[in-house]
Amino acid sequence: MMVRVRCGFALCLLVGGCYDDSAFHALDDLGASNGSTSSSGMSGATSELPTSSTGATAGVTGSGGGSSDSSTGGFTTEASPTSDGEPEPLGPPTILDFALAPDPIAFNGPIGVTIWAADADGVEMSLGGGVVRELDETEPGVFFGEILALTGLANGEHQAHFTPWRENIDGEAVIVPYTIALPVPGTEGFWETSEALGNGQTSALGVLPSGDLVEFGARVGDNGPRCYLRRRDKGGAWEPADLLQLLPDVDCRAIDLEVRDDGAIFLLMDTLTNSGWRWSLREMELWGGPLKSLGSGNAGEVVAALAISPSGEALAVCGSAPTAADDLSDAMVRVFREELPGQGKTFDYVKDEVHAFDEDARGCVFLDEDRVVVVGVAYGQHKELEVDRSRDFQLVYELAVNDGEFVVSSGLAPQAVASDVAIDEQGRVLVVGYLCGDVCEPDGMLWVRTPEGEPIWSSPLGSYPVEALTPQAVRWSPAGYVVVASGGEIGNESAFTIRALAPSDTLWTYTHSEPGLLNLALALAIGPFGEVYAAGLGGNAYPAVAYIAG
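The present account deals with the structure reproduced in this document. (Residues numbered from 1 in each chain as written. Predicted model: local features only at pLDDT ≥ 70, side-chain atom pairs only at ≥ 80, totals over all residues. Heavy atoms only, no water.)

**Here we look at the overall build of the protein chain**
And step 1. Looking only at helices and strands, the protein chain features 1 helix and 37 strands.
And step 2. Every one of the 550 residues in the protein chain was classed for burial, and the buried ones make up 53%.
And step 3. Total accessible area on the protein chain stands at roughly 23300 Å², and carbon and sulfur atoms take up 51% of it. (Helix = DSSP H or I, 4+ residues; strand = E, 2+ residues; numbered from the N terminus. Buried < 20%, exposed > 50% of the residue type's maximum accessible area, 1.4 Å probe, protein only. Areas by Shrake-Rupley, 256 points an atom, 1.4 Å probe, with all protein chains shown as cover.)

**Re the sheet that holds strand E32 (residues 481–486)**
And step 1. Read from one edge to the other, the open sheet built from 4 strands follows the order E31-E32-E33-E34, with strand pairing classed as antiparallel. At either margin of the open sheet sits one strand with a lone partner, and together these are strand E31 (473–477) and strand E34 (505–512). Adjacent strand axes in the sheet meet at a mean angle of 20°, parallel and antiparallel pairs treated alike.
And step 2. Bridge count for E31 against E32 is 5 bridges, and the pairing is antiparallel. (Pairing = 2+ DSSP bridges. Axes fitted to C-alpha atoms, helices over the stretch in contact; angles between N-to-C directions.)

**Let's talk about the state of the cysteines**
And step 1. The tally for this structure, following the rule as stated, stands at 3 disulfides.
And step 2. Each disulfide pairs two cysteine sulfurs, and for Cys318 the partner residue is Cys364, the sulfurs being separated by 2.0 Å. Negative torsions about the S-S bond denote left-handed disulfides, and the value of about 105° found for Cys318 with Cys364 makes this one right-handed. Of this pair, Cys318 sits in strand E20 (residues 314–322) while Cys364 sits in strand E23 (residues 358–368), and the two are 46 residues apart along the sequence. Per residue, the accessibility class of Cys318 equals that of Cys364, and both read buried.
And step 3. Linked covalently through their sulfurs, Cys436 and Cys440 form a disulfide whose S-S length is 2.2 Å. Across the S-S bond of Cys436 and Cys440 the torsion is about -100°, and the bridge reads as left-handed.
And step 4. Among the residues examined, Cys436 registers a relative accessible area of 7% and is labelled buried.
And step 5. Across the protein chain, the disulfide pattern expressed with sequentially numbered bonded cysteines is 1-2, 3-4, 5-6. (Disulfide = S-S within 2.5 Å.)

**Notes on the nonpolar core**
Taken as a class, soluble globular proteins show a tendency for nonpolar side chains to be buried jointly.
And step 1. If you look at the biggest cluster of nonpolar residues, it comprises 24 residues, and the most contacted ones within it are Ile115, Val123, Leu135, Ile147, Phe162 and Tyr178.
And step 2. Sorting the residues of this core by element identifies strand E1 (94–101), strand E2 (109–118), strand E3 (122–126), strand E6 (142–149), strand E7 (156–166) and strand E9 (174–180) as the ones contributing at least two each.
And step 3. Those residues in contact with Val123 that sit more than four places away from it in its chain are Ile95, Ile115, Ala117, Arg133, Glu134, Leu135, Phe143, Phe162, Thr163, Pro164 and Trp165. (Core = buried A, V, L, I, M, F, W, Y, C linked by side-chain atoms within 4.5 Å. Contact = heavy atoms within 4.5 Å.)

**Thoughts on the packing of aromatic side chains**
And step 1. Evaluated as defined, the whole model comprises 11 aromatic pairs.
And step 2. Their ring planes at 65° and their centres at 5.2 Å tell us that Phe190 and Tyr547 sit as a pair that is edge-to-face. Within this pair, whereas Phe190 is found in strand E10 (residues 188–192), its partner Tyr547 is found in strand E37 (residues 542–548), the two being separated by 357 residues in sequence. Of the two residues, Phe190 and Tyr547, both sit in the buried class. (Phe/Tyr/Trp six-rings, centres within 6.5 Å; stacked < 30°, edge-to-face > 60°.)

**Concerning the pattern of salt bridges**
And step 1. Overall, the coordinates contain 18 salt bridges when judged by the stated rule.
And step 2. What you see here is one network of salt bridges that share partners, running through Glu192, Glu215, Arg230 and Arg232. (Salt bridge = Lys/Arg side-chain N within 4 Å of Asp/Glu carboxyl O.)

**Here's the deal with the pairing of E34**
And step 1. The sheet contact formed by strand E33 (residues 496–502) and E34 spans 7 bridges and is antiparallel. Looking across to E34, one finds that Phe496 is bridged to His512.

**What to know about the sheet that holds E10**
And step 1. Pairing is antiparallel across the open sheet formed by 4 strands, whose spatial order is E10-E37-E36-E35. A single partner strand is all that each edge strand has here, and the edge strands are E10 and strand E35 (520–526). On average, each strand axis in the sheet is inclined to that of its neighbour by 20°, with strand direction left out of account.
And step 2. Across 6 bridges, the pairing between E35 and strand E36 (residues 532–538) is antiparallel. Opposite Ala521, over in E36, you have Gly536 as the bridge partner.

**Here's the deal with the pairing of E23**
And step 1. Pairing of E23 with strand E24 (residues 371–380) involves 9 bridges; the strand directions are antiparallel. Opposite Asp360, over in E24, you have Val377 as the bridge partner.
And step 2. Hairpin connection of E23 to E24: 2 residues between the antiparallel strands.

**Focus: the side chain of Ser486**
And step 1. For Ser486, the position within the fold is in strand E32.
And step 2. On the accessibility criterion, Ser486 (2% relative accessible area) is buried.
And step 3. Only 3.3 Å separates the side chain of Ser486 from the side chain of Tyr464, close enough to count as a polar contact.
And step 4. With residues up to four places along the chain from it excluded, the contact list for Ser486 reads Tyr464, Leu469, Thr470, Pro471, Gln472, Ala495, Phe496, Thr497, Arg499, Leu520 and Ala521. (Polar contact = N/O pair within 3.5 Å; in protein donor to acceptor, adjacent residues only side chain to side chain.)

**As for the environment of Pro110**
And step 1. Residue position: Pro110 is located in strand E2.
And step 2. Judged by its relative accessible area of 24%, Pro110 falls in the partly exposed class.
And step 3. As a C-alpha pair, Pro110 and Ala149 span 39 residues in sequence and 6.0 Å in three-dimensional space.
And step 4. With sequence-adjacent residues up to four places away left out, Pro110 is seen in contact with Ala101, Pro102, Ile105, Glu146, Ile147, Leu148 and Phe529.

**Brief notes about unusual backbone geometry**
And step 1. The residue after Ala101, namely Pro102, is reached through a cis peptide bond having omega -5°.
And step 2. With respect to the element layout, Pro102 can be found in the loop between E1 and E2.
And step 3. In this model, Asp103 is joined to Pro104 through a cis peptide bond whose omega is 5°.
And step 4. Take Pro104: it is sitting in the loop between E1 and E2.
And step 5. Here the phi dihedral of Asn402 falls at roughly 55°; this positive angle occurs in a residue that is not glycine.
And step 6. The topology assignment puts Asn402 in the loop between strand E25 (389–398) and strand E26 (406–408).
And step 7. Assessed through its relative accessible area of 28%, Asn402 is described here as partly exposed.
And step 8. The phi angle at Ser504 is positive, at roughly 60°, despite the residue not being glycine.

Set out below in structure tokens:
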């Protein structure tokens, strides 16, 4: 008996969906199966159209079920009664018709699949890589699923295999071709940097449930920095109502944002108070609604990143907090949950009476509901060296025990810095930063590790003229690769740069340069269908936003 996966959810095409080679072999399998059968062909080179037990001709025409009626598709999965009242035996499970739309698909998103079948309890679908999924039965004899087109790396002709079944009987499979025709990965779909807001930068991005992009930044005016939110549609357009001036009379610096599945926006910012700069965490439940304060920091605390748990029920603020020793700090995480708001923890790399290291958390992300992965820099005399050096660290903060252990890089280079962190679909930790000598001439790096800090693979990201242009942000794409944002490398110093990476390979690169001293990508967001959005600052020190084909 054939073993089936009864999933009942949207079916997706993942190109390079894992770091192991099997994901890329799946892409090869898709290419190898192209073009062998037309959209109306039956597997096994069957030339005659089958007939169901009801006498209906099973024409696989790709017409969207043109011969069916609007309620049941004109087909039945139950046997008709014979003249003596006994039900007629069912015929073999049979696919009668299909519809794929859009085909070809020219934008990141789903291809809707509808299958009409007779005498079938279900229909299975496979996409060349051997993974079998079950379509949902939306009404008797009608089955629906989706093929997700997530990247232009999959452009070309493909085939989907559909097999009807009833109990332990498999009917004849039907091979249906479809075409992915997305923009070439790395091409520019939209770019904007203008005088509309004045000088400033966009520091963080998020994708709303509607698919609109939201950017969080600060403009610099005569009265000091002011924070703003701006909403854009999927084409990059925005209206006056899409621009919100936050705390218009308060000096404000944008740090990070997260978007919950219900559309609530969480903002991490610095504001100038009577006692100096303090960080604060705020919530906007609805676009344009009031800002609700969730928490704030103490004097001397510096924050760098905000993370949200998979359920959206917990937030983590990451950065550093001052110690009793002059000019030193501990890494800091503050967690905000409804039942436990403001749970805090500071981390000291070497726990002794004399604070010997300066620790600074630069990025964090939830591994699951109960663990936060934190990365950053520990500066001091590592391994009894006579000079202070920076080494990157990674730790997993366990909320239940309110603790975590440092894993510091081994010192293969004199100095190393971690700047940002993300998690892939298998829970592997993606870290970007740089290596350099005691005289720091930085070489960008991507490290892929286990949560425990064990290396899986790494990739050099080129040499940069200054530390400010090194990799700033990393995200995982559902298309199956890592996306990194940075400035330009040596020889192309003023370039807003985005790269997509897989093991031992750069899949595509996007750069944009404008007149001015600094073009730098600081923030990334990946849409649910692999759309790539980036932001930072462009020529003449204006906020910059780019939409890039992924």
